[in-house]
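As a plain string of letters, each chain reads:
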Amino acid sequence: MAMAFKMAATGMWVTDECKTSFMEMKWKKVHRFIVFKIDEASRLVTVDKVGGPCEGYDELAASLPTDDCRYAVFDFDFVTTDNCKKSKIFFIAWSPSASRIREKMLYAASKEGLRRALEGIHYDMQATDPTEMGMDVIKDRAK
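Residues numbered from 1 in each chain as written. Predicted model: local features only at pLDDT ≥ 70, side-chain atom pairs only at ≥ 80, totals over all residues. Heavy atoms only, no water.

A. Main features of the overall build of the protein chain. From N to C terminus, the protein chain includes 4 helices and 7 strands. Along the protein chain, helices (α) and strands (β) appear in the sequence β-β-α-β-β-α-β-β-α-β-α when read from the amino end. Reported as C-alpha extents along the three principal axes, the dimensions of the protein chain are approximately 50 × 35 × 25 Å. Buried positions account for 46% of the 143 residues belonging to the protein chain. (Helix = DSSP H or I, 4+ residues; strand = E, 2+ residues; numbered from the N terminus. Buried < 20%, exposed > 50% of the residue type's maximum accessible area, 1.4 Å probe, protein only.)

B. Structural detail: the pairing of strand E4 (residues 44–51). Pairing of strand E2 (residues 12–15) with E4 involves 2 bridges; the strand directions are parallel. Bridged to Trp13 within E4 is Leu44. Two elements, strand E3 (residues 33–39) and E4, share 7 bridges in a ladder whose sense is antiparallel. What sits directly across from Ile34, in E4, is Val50. From the end of E3 to the start of E4, which pair antiparallel, there are 4 residues, and Arg43 there has a positive phi angle of about 60°. (Pairing = 2+ DSSP bridges.)

C. Local environment of the packing of aromatic side chains. Summed over the entire model, instances satisfying the criterion amount to 7 aromatic pairs. With centroids separated by 6.0 Å and ring planes inclined at 70°, the aromatic side chains of Tyr57 and Phe74 adopt a geometry described as edge-to-face. You can see Tyr57 sitting in helix H2 (residues 57–63) and its partner Phe74 sitting in strand E5 (residues 70–79), a full 17 residues away along the chain. When the ring of Tyr71 is compared with that of Tyr107, the centres are 4.9 Å apart and the planes differ by 45°; the resulting orientation is tilted. Taken together, the positions of Tyr71 in strand E5 and Tyr107 in helix H3 (residues 101–117) put the pair 36 residues apart, joining distant regions of the chain. Given the relative accessible area of 1%, Tyr71 is considered buried. (Phe/Tyr/Trp six-rings, centres within 6.5 Å; stacked < 30°, edge-to-face > 60°.)

What follows is the structure in C-alpha cells.
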C-alpha cells in the first residue's frame, strides 16, 4: 500500500496520490481542479477526478454528483484591480441535500484531516447546492 496520512478523528487515510495531485496543481499548474472521495470499504480518501489545465469551473461543477458527498480543490486564476495576476486555491466540501445522512457525517468529520494534509489552501467553502459555490461566490471571496 502506498504511503498515507491518517486522519485521527475518523480513522480515514489520505493517500499519497491526493497529496501528489494537489502539489502538481499548486506548483506545476497541470490541474485546474481535483475531486476527492472517501472509499468507506478501504477507509481511504482517494482522487475521484482531475481537471486538466484547460478545464474550468463549469467542468468542476459538472463533476460533482447530485446525491453523493465529495471534496474538491479549485485553482482560481484572476486579475486584481491593480492589473496583477493572482491565483487562489479553494477547498470545497460538497454535501448535497440528496446524499445519505451517514455519508454527510463521515465527510464532515473527515474534512479537517484532508484540509490539513493539503497545505496551501486559501479559502474554505461548504456547499449543499451549486448556488452556494457559484463562480460569483468564488470571485467575491477571492478579492
